[in-house]
Amino acid sequence: MVKMDDIVSLCKRRGFIWQGSDVYGGMAGTWDFGPLGVSLKKKVMDAWWKYWVEDREDMYGVDAAIIMNPQVWQASGHTETFNDPLVECKECHNRFRADKIAEGVSEKVTTEEFKALGVKCPNCGKENWSEIKQFNGMFRTNVGVDPDNIAYLRPETAQGIFTNYKNVVDTIYPDLPFGLAQQGKAFRNEISPRDFIFRSREFNQMEIEYFVDPETWEEHFDKLLAGCHDFLEKMGLKPESIHELDVAAEDRAHYSKRTIDIEFDYPIGREELMGIAYRTDFDLGNIQRVSGKNMEYIVKGGGKRFIPHVIEPSMGVERLLMAILCTAYTEDEVNGEKRVLLRLSEDLTPYRFCVSPLLKNKPELVAKAQEVYDMLRKKYGNVTWDDSGNIGKRYRKQDEIGTPKCIVVDFDTLEDGTVTVRDRDTTEQIRVKPEEL
Ligand code: ATP
């Protein structure tokens, strides 16, 4: 099983992911993506968009503002109930999320229940706990010059979809069922961000609100759930590492009548990768009540009208990236030496090809390699050049960042026009004409 430290160190060493504000000693719960990380992240987000929006006729996209009218969070219940159970160790004064340091309890754990479990402080090992306090996870900010004009950074992208439901119906009037998808940043003031990009304070979500006739919610729930599994497998995750957890009524979010968490076997244990929730008409109903605007959908032709019910598949981009990286990370041995490689699928790798001249001090090899490089860049775009160190080192570096094929221009190329193509996974080398790539 891959270790978390191996992933973190590879990501840092090769320019995928760094601690946020690294140069100033870091900023807890924030992560910055380097050139390779941003490429991978973008490809994953684009693949999700293509799968759920572009390849379907019943899905549409929106992109809402991050700072929303605070009424949104009152109506949605977040101001009141978006809380985590905060507990403090009275010995070392470290603070924790009670449900994350005790086994088998939910966010709704009470002080009495928590204290009865005999949990030791993960920091100092003592057992002397404060009462549990409810800590609201929304980031507050103030808007404009008035310090009392409070607003929040969105803790989920979902509300930006619900608030635009009526705009979409009024402008394009899609047939029911239909889904609205959004990708973007979400912010949560996590009590203790941890486990690399798994739990951070600023992250990306990809969410769909799928609007249905309430009588048909179960059928659509099952179809969307099946789609989630299919998409995760397309991202390279192995079905045996993916598990469904049917969340018990008392553990579900305040708005949900059914939730399935899709969990993944991370190196840190089996943890939530994404969730799919039946949110009923909770959100649109609240918007109608608070805004006074009618949220009913009028079925075309028949005149039947109702507030649609909603099924929400919600995925954290960074949690998916972590699952993809953990699945792709492989160690093997080549010629008696340990090798690290990322077995990413060709569609996700930052680069598709790496082109190099065998020797960088031979102008004729460099010129020919440059020609091949230009040709492949024109054709594929994501092609990199490497003429540093010796050829063995270049291969190792490209293996670590997942480049599927390394192309080397050598003296035979000048004779017969073929190049060496070396495969990341098998390390096998074949000779082909560059035009055939
Ligand atoms: P958890 O119980 O792990 O805190 P949650 O149940 O509160 O998660 P949701 O509110 O269902 O999470 O959010 C939807 C998705 O957003 C999650 O499945 C996860 O992929 C992602 N997510 C939530 N919180 C974070 C976070 N702090 N950092 C990274 N991703 C997150």
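These lines cover the structure that appears in this document, whether it is placed above or below. (Residues numbered from 1 in each chain as written. Predicted model: local features only at pLDDT ≥ 70, side-chain atom pairs only at ≥ 80, totals over all residues. Heavy atoms only, no water.)

### Examining the state of the cysteines
Logical step 1: Taken as a whole and assessed by the stated rule, the structure comprises zero disulfides.
Logical step 2: The thiol sulfur of Cys 89 is not disulfide-bonded, and the nearest other cysteine sulfur, from Cys 124, lies at 3.7 Å. (Disulfide = S-S within 2.5 Å.)

### As for the packing of helix H2 (residues 35–54) against helix H11 (residues 317–328)
Logical step 1: In the contact formed by H2 and H11, the axes pass within 11 Å of each other and the chain directions differ by 110 degrees. In terms of orientation, H2 lies roughly perpendicular with respect to H11. Of H11, the residues touching H2 (which contributes Leu 40, Lys 41, Val 44 and Met 45) are Val 317, Glu 318, Leu 320, Leu 321, Ile 324 and Leu 325.
Logical step 2: Grouping the constituent residues of the contact of H2 with H11 by class yields eight nonpolar, no polar and two charged. (Axes fitted to C-alpha atoms, helices over the stretch in contact; angles between N-to-C directions. Helix = DSSP H or I, 4+ residues; strand = E, 2+ residues; numbered from the N terminus. Parallel < 35°, antiparallel > 145°, perpendicular 65-115°, else oblique. Contact = heavy atoms within 4.5 Å. Nonpolar A, V, L, I, M, F, W, Y, C, P; charged D, E, K, R; others polar.)

### Section: a nonpolar patch on the surface
Logical step 1: On the surface, Leu 358, Leu 359, Phe 411 and Leu 414 cluster together into a nonpolar patch covering about 290 Å² of accessible area.
Logical step 2: Mapped onto the elements of the fold, Leu 414 is located in helix H14 (residues 411–416). (Patch = residues over 30% accessible without salt bridge, like charges linked within 9 Å, V, L, I, M, F, W, Y side chains within 5 Å. Areas by Shrake-Rupley, 256 points an atom, 1.4 Å probe, with all protein chains shown as cover. Salt bridge = Lys/Arg side-chain N within 4 Å of Asp/Glu carboxyl O.)

### Digging into the environment of Gly 61
Logical step 1: With respect to the helices and strands, Gly 61 occurs in strand E3 (residues 59–61).
Logical step 2: The exposure class assigned to Gly 61 is partly exposed, which follows from its relative accessible area of 40%.
Logical step 3: Between the alpha carbons of Gly 61 and Gln 182 there is a distance of 5.9 Å; along the sequence they are 121 residues apart.
Logical step 4: Discounting chain neighbours no more than four positions away, the residues touching Gly 61 are Trp 49, Val 53 and Ala 181. (Buried < 20%, exposed > 50% of the residue type's maximum accessible area, 1.4 Å probe, protein only.)

### A word on the nonpolar core
Logical step 1: With 60 residues, the main nonpolar core has Trp 52, Leu 232 and Leu 320 as its most contacted residues.
Logical step 2: Per-element tally for this core: the top contributor is H11, with nine residues.
Logical step 3: In this structure, Leu 320 is in contact with Val 44, Met 206, Phe 231, Leu 232, Met 235, Leu 237, Tyr 266, Leu 273 and Met 315, ignoring residues within four places of it in sequence.
Logical step 4: Ranked by size, the runner-up nonpolar core spans 16 residues in total, among them Val 62, Phe 211, Leu 284 and Ile 287. (Core = buried A, V, L, I, M, F, W, Y, C linked by side-chain atoms within 4.5 Å.)

### Remarks on the site of the ligand
Logical step 1: In the region of the ligand, 18 residues are neighbours, and Glu 190, Arg 199, Ser 200, Glu 272 and Leu 273 sit closest.
Logical step 2: The backbone of Phe 198 places a nitrogen or oxygen atom 3.3 Å from a nitrogen atom of the ligand.
Logical step 3: Between Gly 316 and the ligand, the recorded distance is 2.9 Å, taken from a backbone N or O atom to an oxygen atom.
Logical step 4: Protein coverage of the free-state accessible area of the ligand, which is 590 Å², stands at 87%.
Logical step 5: A total of four residues in the shell around the ligand trace back to one element, the largest contributor, which is strand E14 (residues 269–280).
Logical step 6: Tallied by class, the residues present in the shell around the ligand amount to five nonpolar, five polar and eight charged. (Near = heavy atom within 4 Å. Polar contact = N/O pair within 3.5 Å; in protein donor to acceptor, adjacent residues only side chain to side chain.)

### Things to note about the pattern of salt bridges
Logical step 1: One pass over the full model with this rule turns up 40 salt bridges.
Logical step 2: The closest approach of N and O atoms between Arg 14 and Glu 400, which form a salt bridge, is 2.8 Å. Here Arg 14, found in the loop between helix H1 (4–13) and strand E1 (17–19), pairs with Glu 400, found in helix H13 (residues 391–401); they are 386 residues apart in sequence, far enough to count as distant.
Logical step 3: Judged by its relative accessible area of 26%, Arg 14 falls in the partly exposed class.
Logical step 4: Here Glu 400 falls in the buried class, since its relative accessible area comes to 11%.
Logical step 5: Close ionic contact of Asp 170 with Lys 166 constitutes a salt bridge, the shortest N to O distance being 3.3 Å. With a gap of four residues between them, Asp 170 and Lys 166 both fall in helix H8 (residues 165–172), about one helical turn apart.
Logical step 6: With a relative accessible area of 55%, Asp 170 lands in the exposed category.
Logical step 7: Of the residues examined, Lys 166 reaches a relative accessible area of 27% and is grouped as partly exposed.

### Some remarks on the sheet that holds strand E22 (residues 405–409)
Working definition: the strands of a sheet are paired by backbone hydrogen bonds and lie parallel or antiparallel to each other.
Logical step 1: Taking strand neighbours across the sheet as the criterion, the five strands line up as E21-E20-E22-E23-E24 in an open arrangement whose pairing is mixed. The open sheet terminates on both sides in strands that have one partner only, identified here as strand E21 (383–385) and strand E24 (429–432). Shown here is a sheet whose adjacent strand axes are inclined to one another by a mean of 25 degrees, direction ignored.
Logical step 2: As defined by bridge partners, strand E20 (residues 353–357) adjoins E22 across five bridges and the pair is classed as parallel. Among the inter-strand pairings, Ser 356 is bridged to a residue of E22, identified as Val 408. (Pairing = 2+ DSSP bridges.)

### Describing the environment of His 220
Logical step 1: Mapped onto the elements, His 220 comes out in helix H9 (residues 217–234).
Logical step 2: The exposure class assigned to His 220 is buried, which follows from its relative accessible area of 9%.
Logical step 3: Along the backbone, His 220 and Tyr 278 are 58 residues apart, and their C-alpha atoms lie at a distance of 9.9 Å.
Logical step 4: Contact partners of His 220, with chain neighbours within four places excluded, come to Pro 177, Tyr 210, Val 212 and Ile 311.

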